[in-house]
Amino acid sequence: MAAARRSWAAVAAGVALAAAAWLGGPVAVAAPAAGPVPTAPGVHPGVQTRTAGAQCTANFVFTDGAHTYLGQAAHCSGTGSSTDVDGCTAGSLPLGTPVEVAGASRSGTLAYNSWLAMQADDEADPDACAYNDFALVRLDPADARLVSPAVPVFGGPRGVDTDGVRPGEVVRSYGNSELRGGVTLLSPKVGTVLGSRGGGWSHDVVTATPGVPGDSGSAYLSPDGSALGVLSTLQFAPLPASNGVSDLARMLDYARAHGMGGVRLVSG
């Protein structure tokens, strides 16, 4: 039955992506609800998260000196459809919403969501509205000792990338969508930057196997191993099956200016 549920989930995801392709717009890549998939022990970048049934992938580890956080995409707690990607208008679950974290003994708590922050601030920058897709899940203190900040397979991050990337540069990522049915050999990804958009808010990348529903929020590393961004969308331009990666430096600056002043990346 679990295999059947995953199969139908994959079909549903494919239909949604095909419809979005026909409409010409990007889609968020959170996966529909399905059964859990085993992951490596402990809490680290790349573990699965689940918010009200929607499965995503955690990116990096953060701290404010008092609490430990996992990053995920803001749209992972969205309440609309997969094509609702404007963070200034799309609905979202409230702060305080429980978030299941693979490897943790207790649920985390949604502590920051860029969509909610932009709506509370009446954000008018269309680039921020389109690409600021970042959330922080505060882990229960009992799970702090279980956390490793290292990205599986690739290691890092070595700080936050602050100067962006150029077309042709190599990026690395680790996704953990349940639609792969637990085949973790498909989780590591190496790809190429196609370009950037939104004044640097987002980077278009293509990898050997693209990010799929459930990979939302995955960490992307720059060529030097620094934290570049967060997987946000599956796109159909400039290249079919390319991904939109929201820029972490910009999103982290926004979070600090909107209630998360002391938060910083933990290097791996």
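Residues numbered from 1 in each chain as written. Predicted model: local features only at pLDDT ≥ 70, side-chain atom pairs only at ≥ 80, totals over all residues. Heavy atoms only, no water.

(A) Summary view of the packing of aromatic side chains. Applying the stated rule across the entire model yields two aromatic pairs. Look at F62 and F134: their rings are 5.6 Å apart centre to centre, the planes differ by 70°, and that puts the pair in the edge-to-face class. Placement of F62 in strand β4 (residues 61–63) and of F134 in the loop between α3 (126–131) and β8 (135–138) is noted, with a sequence separation of 72 residues between them. Comparing F62 with F134 shows no difference in burial state: the two are buried. Here the aromatic rings of Y112 and F134 are separated by 6.3 Å at their centres, their planes lie at 55°, and the arrangement is tilted. Here the residue Y112 occupies a position in strand β7 (residues 108–113), and F134 occupies one in the loop between α3 and β8, the gap between them amounting to 22 residues. Taken together, the aromatic side chains of F62, Y112 and F134 make up a single cluster linked through ring pairs. (Phe/Tyr/Trp six-rings, centres within 6.5 Å; stacked < 30°, edge-to-face > 60°. Helix = DSSP H or I, 4+ residues; strand = E, 2+ residues; numbered from the N terminus. Buried < 20%, exposed > 50% of the residue type's maximum accessible area, 1.4 Å probe, protein only.)

(B) Quick look at the sheet that holds β8. Strand order in the open sheet formed by eight strands is β3-β2-β6-β7-β8-β5-β4-β15, with antiparallel pairing between adjacent strands. Each edge of the open sheet carries a strand with a single partner, namely β3 (54–57) and β15 (264–265). With four bridges connecting them, strand β2 (residues 48–51) and β3 associate as antiparallel partners. Counted as the bridge partner of T51 is A54 from β3. (Pairing = 2+ DSSP bridges.)

(C) Structural detail: the state of the cysteines. Scanning the entire structure with this criterion turns up two disulfides. Each disulfide pairs two cysteine sulfurs, and for C56 the partner residue is C76, the sulfurs being separated by 2.1 Å. The sign of the S-S torsion, about -105°, decides the handedness of the disulfide formed by C56 and C76: left-handed. Residue C56 is found in strand β3, and its partner C76 is found in the loop between β5 (68–72) and β6 (98–101); the two are separated by 20 residues along the sequence. Since its relative accessible area comes to 0%, C56 is described here as buried. For the protein chain, the bonded cysteines pair up as 1-2, 3-4 when numbered in the order they occur along the sequence. (Disulfide = S-S within 2.5 Å.)

(D) Structural view of the pairing of β7. A large share of β7 lies buried, amounting to five of its six residues. Connecting β6 to the next strand, β7, in antiparallel fashion are six residues, including G103 with a positive phi near 90°. The pairing of β7 with β8 spans four bridges and is antiparallel. For T109, the partnering residue across the bridge sits in β8 and is R138.

(E) Summary view of the pattern of salt bridges. One pass over the full model with this rule turns up six salt bridges. The salt bridge involving R106 is made with D140; its shortest N-O contact spans 3.4 Å. Highlighted residues: R106 in the loop between β6 and β7 and D140 in the loop between β8 and β9 (170–174), separated in sequence by 34 residues. Put simply, K189 and D215 hold a salt bridge, and the shortest N to O gap is 3.7 Å. (Salt bridge = Lys/Arg side-chain N within 4 Å of Asp/Glu carboxyl O.)

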